[in-house]
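# Working through the structure, step by step
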Protein chains: 2
Amino acid sequence: MKLRFYNARIMSMVNPGEIIQGEIHIQDDTILYVGEEKAQENHSWDREIDCKENLLMPGFKNAHAHSAMVVFRSLCDDLNLQDWLHHEIFPREAQMTGEDCYELTRLANLEYLTSGITAAADMYLTPETIAEACNDMGMRCVIVSGLNKFGPPIPVMEERFNTLNNKYDLVSFKLGVHAEYTCSKELLEEVSKVLHQYQVPFYVHMSETKTEVEECRARYGITPVALFDQLGLFDFGGSIYHGVHTTKEDMEILKRRGISVITNPGSNAKLASGIAPIEDYLKHGITVGIGTDGASSNNCLDMFREMFLVTALAKLKENDPAAVDAIKVLTMATVNSARSMGLDNCDVLQEGKQADIIMIDLKQPNMQPLNNIAKNIVYSGSKMNIKMTMIAGKILYEDGKFADHIPVDEIYENSNKILERLR
Amino acid sequence: MKLRFYNARIMSMVNPGEIIQGEIHIQDDTILYVGEEKAQENHSWDREIDCKENLLMPGFKNAHAHSAMVVFRSLCDDLNLQDWLHHEIFPREAQMTGEDCYELTRLANLEYLTSGITAAADMYLTPETIAEACNDMGMRCVIVSGLNKFGPPIPVMEERFNTLNNKYDLVSFKLGVHAEYTCSKELLEEVSKVLHQYQVPFYVHMSETKTEVEECRARYGITPVALFDQLGLFDFGGSIYHGVHTTKEDMEILKRRGISVITNPGSNAKLASGIAPIEDYLKHGITVGIGTDGASSNNCLDMFREMFLVTALAKLKENDPAAVDAIKVLTMATVNSARSMGLDNCDVLQEGKQADIIMIDLKQPNMQPLNNIAKNIVYSGSKMNIKMTMIAGKILYEDGKFADHIPVDEIYENSNKILERLR
């Protein structure tokens with residue numbers, strides 16, 4: 001399968017914000033060429049797409065999500081994290097089946113595609129059916145273990161690590177735990193042993209709320225970041241999700257261990273958890289990526305909204321309108337999120353990289369006039385600007401329509417049935 | 001012209017958040033019927049629209065904007081209000097012509113239509129050409145005088161008041177001034193005399209930044225709200241725009257005078273001006289509406305983004321996830337904004353009201369599952385959910401296309417030419 005995009009503006013993100021005019025060639029799942037217009041030498045393309053001067057760029061990577069939580073959208077709003085989690089979410093999740101997760105992951109994937117998200121890091125209940133849902137749709141997915149003291153034990157995580165990292169082209173599986181407050185110290189020590197056996201990055205919800213940090217201090221006398229560092233869980237890199245309430249010492253640990261922070265501003269705002277110190281992270285040289293979190297706490301899976309929130313909330317927090325500018329945010333939502341998820345082959349548009357590409361519709365009023373396109377995307381962009389979403393060389397969403405193999409009506413119908421059961 | 005919407009969900013906003021199944025009938029610009037399915041008695045409709053169970057609701061009203069500032073989108077970002085205004089905006093505005101304003105207002109109107117905004121309160125340079133642009137497109141517009149010591153004098157404002165309130169069906173003109181810091185006290189006293197002559201509401205940017213309030217205190221020993229109250233400018237109601245930095249005493253004045261606060265959270269965040277105390281306004285019984293402000297400081301004209309920001313920032317400011325819930329926000333963006341703009345006949349969907357109606361596409365992944373539609377709109381909605389925008393009984397935007405009489409490509413082309421000149 002050979003495909004050619006021509007007459008395009010291209011923001012490859014190799015030099016963030018830089019835009020060229022040219023074309024992109026793709027063979028199967030791989031980018032063959034990104035550059036200026038090229039003379040055609042009897043190429044036989046399966047499809048040639050006139051981009052009409054719209055913009056091609058790498059797909060957004062959603063570096064932290066709980067995809068199947070779409071079923072809880074607008075079901076239990078206006079609560080703080082602990083009440084929401086313990087009284088509304090956990091009891092309902094206890095009734096969810098693997099089949100539910102399959103269906104609801106498909107619904108979340110539809111939303112990702114409309115928002116130009118080409119991969120999600122998904123920490124949720126049944127990795128096997130999540131993987132199946134993504135494989136069936138053609139969605140790239142990094143499943144992250146959400147191990148905790150209430151769920152399946154370590155051998156299950158290890159089994160998933162060995163199985164799901166080899167079963168599907170588009171799916172990988174990462175080691176991690178849900179959070180400090182849902183794991184005993186003994187459990188974390190055991191996880192650390194597994195981590196040292198495989199020598200791989202580690203992922204965890206951390207320092208999301210003030211209460212969480214205070215309770216950890218009460219239990220162990222140190223912050224969650226310091227605790228996990230002591231336990232050796234940060235020895236091979238990885239990410240912490242949220243990182244709203246961290247100290248200077250925490251930041252030094254994160255920097256030293258090469259741990260990235262995945263920020264989830266929509267969720268943190270809606271649950272009143274606080275504003276993450278993004279400017280401080282950047283000053284410490286810590287890599288920041290962006291996630292939507294789950295639709296129950298956000299309530300949408302929209303990278304445009306998250307990008308604007310990252311910069312807008314940073315400006316408010318720092319009392320500085322120059323804080324965390326648009327180009328930094330674009331880098332977070334593409335390159336940084338990709339690398340934090342272990343998707344180094346999906347970070348930029350370049351020969352040899354995976355063809356995870358989106359087309360931004362510039363002929364919409366919110367992108368006009370065409371002064372600074374990169375800034376427009378962050379400060380003014382919207383889901384309505386996603387003209388096409390391609391993953392691994394396959395177009396899954398184009399001009400408002402999903403690819404033929406995706407049964408949209410069936411997904412809506414089944415999701416509503418699951419809602420009725422869990423409500 | 002008789003039109004029937006059937007097979008619809010309807011959120012009339014008569015009882016905010018309540019949704020019925022039924023139909024809406026329209027004759028010319030007026031709503032004839034809103035209610036349950038009705039037996040058809042040989043009606044001859046010019047058009048019948050099957051809503052396929054999508055949602056009809058009142059259009060959003062953008063209660064504060066500078067529409068033609070779309071030309072400055074992404075041109076001068078990451079600056080504080082005073083630097084941005086004095087060094088970037090004012091010098092460029094000095095070069096703008098009435099024709100420029102005509103063209104750029106049309107561009108802003110396109111964006112409003114894609115966001116379900118059916119009327120904007122526009123304070124900008126050349127009211128005559130703004131009115132013409134809106135009349136030509138079929139956009140409802142409330143033009144607000146931005147009188148200040150650098151611009152046209154009071155007789156021009158009075159002339160516009162008398163002319164533009166009678167020239168076009170869809171256009172009205174309100175008395176107002178730009179801000180305390182751009183008017184002398186003598187000028188404000190003169191404006192107050194005009195206001196008392198006509199006995200009409202008054203509109204002004206007020207208490208947007210801390211600096212603005214401090215400088216007013218230094219000049220007059222009191223806050224801008226107290227000053228304008230003393231000068232009698234609040235005697236007939238009206239609105240203040242922004243209201244980010246107000247005191248308890250200010251709030252008591254606003255409540256007593258029936259002055260509404262129009263909040264502009266996107267702009268206030270991007271310029272790092274602060275978070276308006278919305279929860280306090282509501283506790284004081286002050287009416288709050290929502291505006292996008294201009295695209296130069298926001299940078300988009302998207303009521304969905306503003307609605308989410310109103311609630312999300314309130315939750316952060318109050319450290320309370322229950323602050324300013326979705327239904328309150330929906331009321332602000334429709335009913336409150338409409339009434340604050342003097343559009344009492346466009347506030348809800350009801351017999352005899354103007355047919356300013358939008359259709360929300362519920363068959364998009366961000367609206368599924370269909371648990372709580374009103375909450376979905378505020379917490380998860382996006383421009384991509386606007387399936388139709390109707391103003392005064394005319395459909396101007398439907399399924400991603402603008403009405404035939406709107407020359408979209410010409411508007412983009414001309415706007416880019418103006419940008420090149422002003423850049």
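This structure is a prediction, so every number in the text was calculated from the model and none was measured.

### Considerations on the overall build of chain A
Regarding its fold elements, chain A presents 14 helices and 17 strands. Taken over C-alpha atoms, the radius of gyration comes to 21 Å for chain A, in line with the 22 Å a tight globule of 423 residues would show. Counting only C-alpha atoms, chain A reaches 65 × 45 × 40 Å along its principal axes. Going through the 423 residues of chain A one by one, you find that 60% of them count as buried.

### Here's the deal with the interface of chain A and chain B
At the interface, 52 residues of chain A touch 52 residues of chain B. Sorting the residues of the side of chain A that touches chain B by element identifies α2 (98–114), α9 (265–270), α11 (303–318), α13 (373–380) and α14 (408–422) of chain A as the ones contributing at least two each. For the side of chain A that touches chain B, the element with the highest residue contribution is α11 of chain A, accounting for 5 residues. Here the side of chain A that touches chain B is composed, by residue class, of 23 nonpolar, 16 polar and 13 charged.

### Observations concerning the relation of the copies chain A and chain B
Between chain A and chain B, the superposition needs a rotation of 180 degrees and an axial shift of 0.0 Å, giving an RMSD of 0.0 Å. Expressed as a symmetry operation, the mapping of one chain copy onto the other fits a two-fold axis. Of the C-alpha atoms belonging to chain A, the one lying closest to the rotation axis is found on M384 of chain A, 2.5 Å away. Taken together, the interface assignments show that 100% of the residues at the interface of chain A recur at the interface of chain B, consistent with an identical surface on both copies.

### What to know about the sheet that holds strand β7 (residues 117–122) of chain B
Strand-to-strand pairing in sheets goes through backbone hydrogen bonds, with the strands running parallel or antiparallel. Residue and element names in this part refer to chain B. With parallel pairing, 8 strands are arranged side by side in an open sheet as β6-β7-β8-β9-β10-β11-β12-β13. Each of the sheet's edge strands pairs with one partner strand only, and the pair in question is β6 (60–65) and β13 (288–290). Shown here is a sheet whose adjacent strand axes are inclined to one another by a mean of 25 degrees, direction ignored. Each of β6, β7, β12 (259–263) and β13 touches helix α11 (residues 303–318); the most contacted strand, β13, lies at about 140 degrees to it. Contacts from helix α12 (residues 326–340) reach β6, β11 (238–242), β12 and β13, with the element oriented near 105 degrees to β13.

### Quick look at helix α6 (residues 210–220) of chain A
Residues and elements named next belong to chain A. Residues E212, V213 and C216 constitute the buried set of α6. For α6, the angular spread of the buried residues around the axis is 95 degrees, confining them to a single face. For α6, the exposed residues lying more than 90 degrees away from the buried face are E214 and A218. Lining the buried residues of α6 we find α7 (224–230). Remark: G221 follows α6 within two positions and exhibits a positive phi of approximately 80 degrees.

### With respect to the domain arrangement of chain A
All names here are of chain A. In terms of domains, chain A is made up of domain 1 (2–59 + 346–402) and domain 2 (60–344). Each of domain 1 and domain 2 was reduced to a C-alpha centroid, and the two centroids are 28 Å apart. Across the boundary between the two partners, domain 1 contributes 26 residues, which contact 30 residues of domain 2. Residue assignment for the side of domain 1 that touches domain 2 shows that the elements contributing at least two residues are α13, β15 (386–391) and β16 (394–398). Element by element, the count of residues in the side of domain 1 that touches domain 2 is highest for α13, at 5 residues. Of the residues in the side of domain 1 that touches domain 2, the class split is 16 nonpolar, 5 polar and 5 charged.

### As for the pairing of strand β9 (residues 171–179) of chain A
All names here are of chain A. The element β9 is largely enclosed, with a buried count of 8 among its 9 residues. As judged from the 4 bridges shared by strand β8 (residues 140–144) and β9, these two strands associate in the parallel manner. Across the sheet, residue I143 finds its bridge partner in β9, namely F173. When β9 meets strand β10 (residues 202–206), the two strands line up parallel, connected through 4 bridges. Looking at β10, one finds that V177 is bridged to V204.

### So, the confidence of the model for chain A
Taken over all residues, the pLDDT of chain A has a mean of 97, while the share at 70 or more is 100%. Across the whole predicted complex the pTM is 0.98, and at the interface the ipTM reaches 0.97.

### Let's talk about the packing of α11 of chain A against helix α12 (residues 326–340) of chain A
All names here are of chain A. Two elements in contact, α11 and α12, have axes whose closest approach is 10 Å; the angle formed by their N-to-C orientations is 135 degrees. Taken together, the axis directions place α11 and α12 in an arrangement best described as oblique. The two elements α11 and α12 meet at a crossing, and its hand is right-handed. Of α12, the residues touching α11 (which contributes M303, M307, V310 and T311) are A326, V329, M332 and A333. Split by residue class, the contact of α11 with α12 holds 7 nonpolar, 1 polar and no charged.

### Looking at the nonpolar core
L56 and C141 of chain A together with L56 and C141 of chain B are the most contacted members of the largest nonpolar core, which totals 285 residues. Filtering out sequence-adjacent residues up to four positions away, C141 of chain A remains in contact with A119, A120, D122, I130, A131, C134, L170 and V171 of chain A.

### A word on helix α1 (residues 81–93) of chain A
Look at α1 of chain A: only 15 Å from first C-alpha to last across 13 residues, short of the 18 Å you get at 1.5 Å a residue. Taken residue by residue, α1 of chain A has L81, W84, I89 and E93 of chain A as its buried positions.

### So, the packing of helix α2 (residues 98–114) of chain B against helix α14 (residues 408–422) of chain B
Residue and element names in this part refer to chain B. Between α2 and α14, whose axes approach to 9 Å, the crossing angle comes to 125 degrees. Here α2 is positioned oblique relative to α14, judged by the angle of their axes. Crossing geometry of α2 relative to α14 is assigned as left-handed. In this structure, α2 uses D100, E103, L104, R106, L107 and L110 to contact α14, whose residues at the interface are V408, I411, N414, S415 and I418. Of the residues assigned to the contact of α2 with α14, the class counts are 6 nonpolar, 2 polar and 3 charged.

About the criteria used
- Residues numbered from 1 in each chain as written.
- Chains lettered and ligands numbered in written order.
- Predicted model: local features only at pLDDT ≥ 70, side-chain atom pairs only at ≥ 80, totals over all residues.
- Helix = DSSP H or I, 4+ residues; strand = E, 2+ residues; numbered from the N terminus.
- Rg over C-alpha atoms; globule rule 2.2 N^0.38 Å.
- Buried ≥ 20, exposed ≤ 12 C-beta atoms within 10 Å, placed from the backbone.
- Contact = placed C-beta atoms within 7 Å.
- Nonpolar A, V, L, I, M, F, W, Y, C, P; charged D, E, K, R; others polar.
- Least-squares fit on C-alpha atoms with pLDDT ≥ 70 in both.
- Pairing = 2+ DSSP bridges.
- Axes fitted to C-alpha atoms, helices over the stretch in contact; angles between N-to-C directions.
- Arc of directions from axis to C-beta.
- Domains from an automatic or database assignment.
- pLDDT = per-residue confidence, 0-100.
- Parallel < 35°, antiparallel > 145°, perpendicular 65-115°, else oblique.
- Left-handed = near helix turned anticlockwise from the far one by under 90°.
- Core = buried A, V, L, I, M, F, W, Y, C linked by C-beta atoms within 7 Å.
- Expected span 1.5 Å × (residues − 1).

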